[in-house]
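Below are the chains, spelled out letter by letter.
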Amino acid sequence: RTVPVRLVGGRSRCQGRVELLQASGWGSVCAAGWDPAAARVLCRQLGCGRPRLVPVPCSPMEAEGAPVALRRVQCMGQEPDLALCTLQPPDTPSCPS
């Protein structure tokens, strides 16, 4: 099973803020829950090559109204798809500070 994912707000399909599709719609990942290993998996899944810059994917202020879909994405970095990573749902609708 594949996790539907997209990058929004960038200049190309391989740039932007990370959003994942869940039952309730598109949502972001908490800043503390995203790291270079997850970025490698995401870029591989999207066919975007190797990540060059891994900025914070979202913060409550940068999410532009997108609800938080995941608190943490834990990957080893070799997975072919984010569905094979550990996806931790949020405890609350906002990211921890």
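See the structure shown above.
What you see is a predicted model, and the numbers here were worked out from it, not measured in a lab.

**Q** Describe in detail the state of the cysteines, supporting the description with residues and values.
**A** Applying the stated rule across the entire model yields two disulfides. A sulfur-sulfur distance of 2.1 Å marks the disulfide that ties C75 to C85. Judged by the sign of its S-S torsion, about 110°, the cystine formed by C75 and C85 is right-handed. Within this pair, whereas C75 is found in the loop between β5 (72–74) and β6 (86–88), its partner C85 is found in the loop between β5 and β6, the two being separated by ten residues in sequence. Overall, the relative accessible area of 11% leaves C75 in the buried class. A relative accessible area of 8% places C85 in the buried class.

**Q** Quick rundown of the sheet that holds strand β1 (residues 5–9)? Include the residues and the values.
**A** Spatial strand order, β1-β2-β3-β4: four strands in an open sheet with mixed pairing. Since the sheet does not close on itself, it has two edges, and those belong to β1 and β4 (68–70), each with one partner. When the angles between neighbouring strand axes are averaged without regard to direction, this sheet yields 55°. With four bridges connecting them, strand β2 (residues 16–22) and strand β3 (residues 25–29) associate as antiparallel partners. Following the sheet pairing, Q22 is matched in β3 by G25. Packed on one face of the sheet, helix α1 (residues 36–46) meets β1 and β2 and runs near 100° to β1.

**Q** Account for the pattern of salt bridges, with residues named and values stated.
**A** All chains considered together, the criterion is met by two salt bridges. A salt bridge links E19 to R6; the nearest nitrogen and oxygen atoms lie 2.7 Å apart. Of this pair, E19 sits in strand β2 while R6 sits in strand β1, and the two are 13 residues apart along the sequence. Note that E19 is salt-bridged to R17, the shortest N-O span being 2.6 Å. Under the relative-accessibility criterion, E19 is labelled buried at 3%. On the basis of relative accessible area, R17 is assigned to the buried category, the value being 11%. Residues joined by salt bridges that share partners form a network here, namely R6, R17 and E19.

About the criteria used
Just so you know, the residues in each chain are numbered from 1, in the order the chain's sequence is written. Per-residue local features of the predicted model are confined to residues with pLDDT of at least 70, and side-chain atom pairs are confined, for both listing and counting, to 80 or more; whole-chain, interface and lining totals are unaffected and use all residues. As a rule here, side-chain values come from all non-hydrogen atoms in the structure, and water together with hydrogens is ignored. Note on disulfides: each one is a pair of cysteine sulfur atoms within 2.5 Å. Numbering of helices and strands starts at the N terminus; helices are DSSP runs of H or I of at least 4 residues and strands are runs of E of at least 2. The rule is simple: take the accessible area with a 1.4 Å probe, protein chains only, and divide by the maximum for that residue type; under 20% is buried, over 50% is exposed, in between is partly exposed. Paired strands are those between which DSSP finds at least two bridges. To get an axis, a line is fitted to the C-alpha atoms, and for a helix only the part in contact is used. The angle between two axes follows their N-to-C directions and goes from 0 to 180 degrees. Contacts between residues were defined by any pair of non-hydrogen atoms, one from each residue, lying within 4.5 Å. Salt bridge, as used here, is a side-chain nitrogen of Lys or Arg placed within 4 Å of a carboxyl oxygen of Asp or Glu.

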